[in-house]
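An overview of the molecular structure
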Amino acid sequence: MDRGTGPAVLVTGGAGYIGAHTAKALHGRGYRPVVFDDLTSGFREAVQWGPLVEGDIRDADALAETIKTHDIQAVIHFAGLIEVGRSVAKPDLFWEVNVSGTTALLTVMREHGVGQLVFSSSAAVYGQGARGPLETIAETADKAPASPYGDTKLAAEWLIQAQCRAYGLTAVALRYFNAAGADPSGLIGEAHEPETHLIPLAIAAALGDGPPLTIFGQDFETPDGTCLRDYIHVSDLAAAHVAALEAGLAPGAFEAVNVGTGQGRSVAEVVEAVGRAVGCAVPHSLGARRAGDPPSLVADPRRAQEVLGWTPQHSSLDTIVADALRWERKPCYGSGVRGPKGRRKSQIAV
Ligand SMILES: NC(=O)c1ccc[n+]([C@@H]2O[C@H](COP(=O)([O-])OP(=O)(O)OC[C@H]3O[C@@H](n4cnc5c(N)ncnc54)[C@H](O)[C@@H]3O)[C@@H](O)[C@H]2O)c1
């Protein structure tokens, strides 16, 4: 494997969707990504740009050993549980992995003098609050997570910020909006089980690899009545992590930054874009609104430009869909998340 020669960066959760794309981006900038992942939802085949250390984020000894062995200089922390619905059923597990896991990591970093962290946070830290239905969300908006998953992301941010104040850690929490698309090479892409994201589900429905899509809610206060979301290409997201490492923040600084485009796209627009790309209409049915689905979740992305000097380059809806479709037609791994004849085993929601 061709490896970079620059500083070694620990990528926890680097066998997963966004982590694998970030490892590729780090390698492209000359860093040496070292992936630490227990493979609960990640894939060995996704780790192509540096070594894989198999371990649990809560295992302080394994983390310490990895930091020493690989001379780690900075950490990008993706490892965690991500399914919002499951977090409602198992909040204790989510606190254990997402919050206690982050505590273990922070302690080991401090003990070994690793002073820089980039953390995967989420737009799930924001609630609907007093925001108008079509208002974009700035970092200063009310924090009122609608799920235990969002609670764990906000709690982890607080922990990190407190360690910045107390011990001089430098950290950036990136609050992602809707990660989507795949690396244009076709080597890595999205393979969640269960898949809950709109674009892979719409593509699976259009290709006949999954059941018809359900569009939940057509009476939101949005231009076409379906929900608005902010889709960000996973390659742009990966670039934001590299920009966060290189932002030149002072020791002790903590920044929480939205990563989105500022453009809301409706479910109906996405379904149309998938239909155009595949060349047939997406089979779908109309369902009732789901509890807790806000009409609109769209970033105010200005702070990312100010703090990180980052703007999205690949996040037009058609580019996202084209890259996702390339991957879904020929995924290099993740066959276990599909059933016989390539059909997706599960389709939970849009
Ligand atoms: N996908 C999105 O749209 C989105 C949006 C906002 C935030 N996020 C956050 O980004 C991060 C990555 O998301 P993703 O979509 O790539 O998810 P993913 O499930 O593909 O990746 C998560 C990785 O963490 C690993 N992992 C889980 N538990 C672990 C543990 N105890 N120890 C070590 N490794 C463990 C998994 O094996 C997997 O490789 C997550 O923290 C998620 O909460 C994702």
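Cut-offs and rules
- Residues numbered from 1 in each chain as written.
- Predicted model: local features only at pLDDT ≥ 70, side-chain atom pairs only at ≥ 80, totals over all residues.
- Heavy atoms only, no water.
- Pairing = 2+ DSSP bridges.
- Helix = DSSP H or I, 4+ residues; strand = E, 2+ residues; numbered from the N terminus.
- Axes fitted to C-alpha atoms, helices over the stretch in contact; angles between N-to-C directions.
- Domains from an automatic or database assignment.
- Contact = heavy atoms within 4.5 Å.
- Buried area = accessible area lost by both parts, 1.4 Å probe.
- Salt bridge = Lys/Arg side-chain N within 4 Å of Asp/Glu carboxyl O.
- Polar contact = N/O pair within 3.5 Å; in protein donor to acceptor, adjacent residues only side chain to side chain.
- Nonpolar A, V, L, I, M, F, W, Y, C, P; charged D, E, K, R; others polar.
- Phe/Tyr/Trp six-rings, centres within 6.5 Å; stacked < 30°, edge-to-face > 60°.
- Buried < 20%, exposed > 50% of the residue type's maximum accessible area, 1.4 Å probe, protein only.
- Lys NZ or Arg CZ within 6 Å of the ring centre and 35° of its normal.
- Near = heavy atom within 4 Å.
- Areas by Shrake-Rupley, 256 points an atom, 1.4 Å probe, with all protein chains shown as cover.

1. Looking at the sheet that holds strand β11 (residues 254-259)
As summarised here, the arrangement of the 7 strands in space is β3-β2-β1-β4-β5-β6-β11, forming an open sheet in which the pairing is parallel. Where the open sheet ends on each side, the last strands, each with one partner, are β3 (52-54) and β11. The mean inter-strand angle of the sheet, taken between neighbouring strand axes irrespective of direction, is 20°. Where strand β5 (residues 116-122) meets strand β6 (residues 170-176), 7 bridges bridge the pair, whose relative direction is parallel.

2. Brief notes about unusual backbone geometry
Look at the link from E193 to P194: it is a cis peptide, with omega at 5°. When you line up the elements, P194 lands in the loop between β7 (178-180) and α6 (198-207). The phi torsion at L39 lies on the positive side, around 60°, for a residue other than glycine. Turning to its location among the elements, L39 is positioned in the loop between β2 (32-37) and β3. Unlike most non-glycine residues, D71 shows phi in positive territory, near 55°. For D71, the location among the structural elements is in the loop between α2 (60-70) and β4 (72-77).

3. Observations concerning the domain arrangement of the protein
For the protein, the domain assignment lists domain 1 (8-180 + 231-259) and domain 2 (198-230 + 263-296 + 314-342). Computed over C-alpha atoms, the centres of domain 1 and domain 2 are 26 Å apart. With 16 residues of domain 1 at the contact, the number on the domain 2 side is 21 residues. Roughly 1600 Å² is buried in total at the junction of domain 1 and domain 2, and carbon and sulfur atoms are behind 64% of that figure. The three residues of domain 1 that bury the most area against domain 2 are P133, Y231 and H233, which together make up 44% of that side's buried surface. For the interface between domain 1 and domain 2, the tally reads 0 salt bridges. Summed over the shared surface of domain 1 and domain 2, the result is 5 residue pairs in polar contact (both at pLDDT 80 or more). For the side of domain 1 that touches domain 2, the secondary structure elements donating two or more residues are β7, β10 (231-233) and α7 (234-245). Per-element accounting of the side of domain 1 that touches domain 2 gives the leading share, 3 residues, to β10. Of the residues that constitute the side of domain 1 that touches domain 2, the class distribution is 8 nonpolar, 4 polar and 4 charged.

4. Thoughts on the packing of aromatic side chains
Any pair of aromatic rings gets described here by the distance separating the centres and the angle formed by the planes. Applying the stated criterion across every chain yields a total of 3 aromatic pairs. Between the aromatic rings of F43 and Y333, the centroid separation amounts to 5.1 Å while the plane-to-plane angle is 35°, which identifies the pairing as tilted. With a gap of 290 residues between them, F43 in the loop between β2 and β3 and Y333 in the segment after α10 (317-329) connect regions that are remote in the sequence. Residue Y333 is classed as buried on the basis of its relative accessible area, which comes to 5%. Three or more aromatic residues joined by ring pairs make a cluster, and in this case those are F43, W327 and Y333. The positively charged end of R110 is found above the aromatic ring belonging to Y167, 4.3 Å away from the centroid.

5. Describing the sheet that holds strand β14 (residues 296-297)
Within the open sheet, the 3 strands sit side by side as β12-β9-β14. Their pairing is mixed. Only two strands of the sheet have a single neighbouring strand rather than two, namely β12 (265-266) and β14. Relative to β14, strand β9 (residues 228-229) runs parallel, the two being bridged by 2 bridges. From the neighbouring strand, L228 faces β14, where its bridge partner is S296.

6. A look at the site of the ligand
Taken together, 29 residues form the shell around the ligand, and within it I18, D37, S41, Y149 and K153 come nearest. Y149 is positioned such that a nitrogen or oxygen atom in its side chain is 2.5 Å from an oxygen atom of the ligand. Contact distances for the ligand include 2.8 Å between an oxygen atom and a side-chain N or O atom of K153. Against a free-state accessible area of 830 Å², the protein chains account for coverage of 96% of the ligand. Of all the elements in the fold, those that place two or more residues in the shell around the ligand are α1 (17-28), β5 and α5 (148-167). With 3 residues, the single largest contributor to the shell around the ligand is β5. Considering only residue class, the shell around the ligand consists of 13 nonpolar, 12 polar and 4 charged.

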